[in-house]
Amino acid sequence: QTGKFTYDPGFLSTASCNSSITYIDGDKGELLYRGYPIEQLATQCDFLDTCHLLLYGELPNLEQQASFKKLVTNHTMVNEQMQFFLRGFRRDAHPMAVMTGLVGGLSAFYHDSTDINNPKHREISAIRLIAKMPTLVAMAYKYGIGQPYIYPKNDLSYSANFMRMMFGTPCEEYAPNDVLVRAIDRIFILHADHEQNASTSTVRLCGSSGTNPFAAIAAGVACLWGPAHGGANEAALNMLEDIQRNGGVERIGEFIKQVKDKNSNVKLMGFGHRVYKNYDPRAKLMRETCHEVLSALGLHDDPLFKLAMALEKIALEDEYFVARKLYPNVDFYSGIVQRAIGIPVSLFTAIFALARTVGWIAQLNEMIADPEYKIGRPRQLFVGSKARDVKPIGER
Ligand code: SDX
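Reading guide: rules and limits
Residues numbered from 1 in each chain as written. Predicted model: local features only at pLDDT ≥ 70, side-chain atom pairs only at ≥ 80, totals over all residues. Heavy atoms only, no water. Near = heavy atom within 4 Å. Polar contact = N/O pair within 3.5 Å; in protein donor to acceptor, adjacent residues only side chain to side chain. Areas by Shrake-Rupley, 256 points an atom, 1.4 Å probe, with all protein chains shown as cover. 1 Å grid on protein atoms, 1.4 Å probe; cavity = no way out; pocket = protein on both sides within 12 Å on 5 of 7 lines; lining within 4 Å. Sits in = over half its atoms within 2 Å of the grid points. Nonpolar A, V, L, I, M, F, W, Y, C, P; charged D, E, K, R; others polar. Points joined across faces, edges and corners; volume = space filled by probe spheres on them. Helix = DSSP H or I, 4+ residues; strand = E, 2+ residues; numbered from the N terminus. Disulfide = S-S within 2.5 Å. Buried < 20%, exposed > 50% of the residue type's maximum accessible area, 1.4 Å probe, protein only. Pairing = 2+ DSSP bridges. Phe/Tyr/Trp six-rings, centres within 6.5 Å; stacked < 30°, edge-to-face > 60°.

Colleague: Tell me about the site of the ligand, and name the residues and values.
Modeller: Lining the immediate surroundings of the ligand are 25 residues, of which His194, His273, Arg274, Lys277 and Arg282 lie closest. In this structure, an oxygen atom belonging to the ligand sits 2.8 Å away from a side-chain N or O atom of lysine 262. Against a free-state accessible area of 1100 Å², the protein chains account for coverage of 78% of the ligand. Cavity membership is defined here by more than half of the atoms lying within 2 Å of grid points; on that basis the ligand lies in the largest pocket. Considering only residue class, the shell around the ligand consists of 10 nonpolar, seven polar and eight charged.

Below, the structure is given as structure tokens:
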């Protein structure tokens, strides 16, 4: 390519493209799903409403809400054979290693929903993935701690069902705490989609080859795992715990100095964003949720929350961060909320993948619905050696 850019649907469908799903204004710090501000969705809707919106373009009315909930609820169980996938992993395997395997493994069970170019198959696989991700994440957690799996219970809400599968045991019934269920549901909403981020680009590129939907979503899970992307919530909490262990608020100045030192390669995890050059609206909602959950649990003096707010205050006033327009992103507070709910730090990114699955599916469907889409085939500008001949090894 000599600088002249010609329209190539295959390339645009994966690297950058027109979309009607999520709108982000990085300078204003605005995020809308299908035109609805994230602030309204996070406070007035639940995650399944948000799934319906992302998949079908509209919030459900009462009848649609009931039938969509029933459809998802009736697909929450996984094939019993999935347990044998889990048994192949060490108990201390990272949950994202397990999830990458389990999600890809779903392709082996649901042959009636593997043709990505068949709209019916796409719809069935979408419902299955949204319904089964909580079950798989909870199974990965239970497997890691050596507890029996808890089956989904169909009279619970989506998020209450997930909390029960995570924290329930056969010995005693799990009583969902409404504040915690609301908090996890809001975490799902805030992570549901985010335009053309790295893992969404991965899912689009993978799906553009015609592979099955489960495999394409598994590719998104693998990409999300990286600490620069979905793994940042785990890295941000580990960073806060590390600062807390080494002196807490008093150590912030020294830590900020390390971040500014180019040779240290230390980043303020949970800060900065490829698109937001203002406050990530999700971070504001996450901080509010943090406050609600900690207060409800009588943990308003949680030292990590105090440390996070002190770190945020100092960073937002520091020239280094101001000049680079670095603000908290969705990952800065989400770890503190999840830790307060009782979710282990190693599971944070798996929860992110659970939530983002609906966004990946909506983006995949949008790409496939474009009659001009082709397999993604980005080109490279070759800057290597000119043509040359092979010499006998003695002359090399
Ligand atoms: C997610 O794309 C999405 O939408 C992703 C996501 C989604 O919902 O899918 O929003 C989820 O991935 C959120 C981001 C989570 N990642 C982290 O919190 C990890 C820490 N943040 C960074 O690694 C970083 O901010 C990135 C990777 C997110 C963005 O990196 P960029 O593109 O380099 O950021 P930039 O161009 O704005 O950086 C400008 C400057 C650079 O310094 P200089 O070379 O100009 O001196 O700011 C520096 C960067 O080195 N910088 C940071 C920093 N982030 C950028 N310095 C310290 N700490 C940071 N966190």
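Colleague: I'd like a description of the layout of surface pockets, backed by residues and values.
Modeller: Approximately 1000 Å³ is the volume found for the largest pocket. Surrounding the largest pocket, 35 residues form its lining, Ala228, Phe271, Gly272, His273 and Arg274 being those nearest its centre. Put simply, the parts of the chain that give the lining of the largest pocket at least two residues each are helix 16 (319-323) and helix 18 (348-369). For the lining of the largest pocket, a count of residues per class yields 15 nonpolar, 10 polar and 10 charged.

Colleague: Describe in detail the state of the cysteines, supporting the description with residues and values.
Modeller: In protein structure, a disulfide is the covalent linkage between the sulfur atoms of two cysteines. Across all of its chains, the model carries zero disulfides by this definition. Left without a disulfide partner, cysteine 45 is nearest to the cysteine sulfur of cysteine 51, which lies 12 Å away. Taking relative accessible area as the criterion, cysteine 45 reaches 13% and is therefore assigned buried. A disulfide-free cysteine, cysteine 206 has its sulfur positioned 11 Å from the sulfur of cysteine 223, the nearest such atom.

Colleague: Give a detailed account of the sheet that holds strand 2 (residues 30-33), specifying residues and quantitative values.
Modeller: In a beta sheet, neighbouring strands pair by backbone hydrogen bonds and run either parallel or antiparallel. Taken together, three strands build an open sheet; the order of strands is 1-2-3 and the sheet is antiparallel. Here the strands that pair on one side only, and so sit at the sheet edges, are strand 1 (22-25) and strand 3 (36-37). Examined bridge by bridge, strand 2 and strand 3 share two bridges and lie antiparallel to one another. What sits directly across from leucine 32, in strand 3, is proline 37.

Colleague: Give a detailed account of the pairing of strand 2, specifying residues and quantitative values.
Modeller: Relative to strand 2, strand 1 runs antiparallel, the two sharing four bridges. Bridge pairing links aspartate 25 to glutamate 30 in strand 2. Linking strand 2 back to strand 3 in an antiparallel pair, the connection comprises two residues, with arginine 34 at a positive phi of about 50 degrees.

Colleague: Go over empty space enclosed by the protein, please, and point to the residues and values.
Modeller: Under the criterion given, the structure shown has three cavities of 30 Å³ or more. Within this model, the largest cavity holds a volume of roughly 130 Å³. What lines the largest cavity is a set of 13 residues, among which Val78, Thr135, Met139, Tyr149 and Tyr151 lie closest to the centre. The dominant element in the lining of the largest cavity, judged by the number of residues it contributes, is helix 7 (residues 119-145), at three residues. Residue composition of the lining of the largest cavity, by class: nine nonpolar, three polar and one charged.

Colleague: How would you summarise the packing of aromatic side chains if you had to cite specific residues and measurements?
Modeller: Counting across every chain of the model gives 16 aromatic pairs. Between tyrosine 56 and phenylalanine 68 the ring centres are 6.1 Å apart and the planes differ by 90 degrees, which places this aromatic pair in the edge-to-face class. Pair noted here: tyrosine 56 is in helix 3 (residues 47-56) and phenylalanine 68 is in helix 4 (residues 62-73), with a separation of 12 residues, a long-range link. Under the relative-accessibility criterion, tyrosine 56 is labelled partly exposed at 38%.

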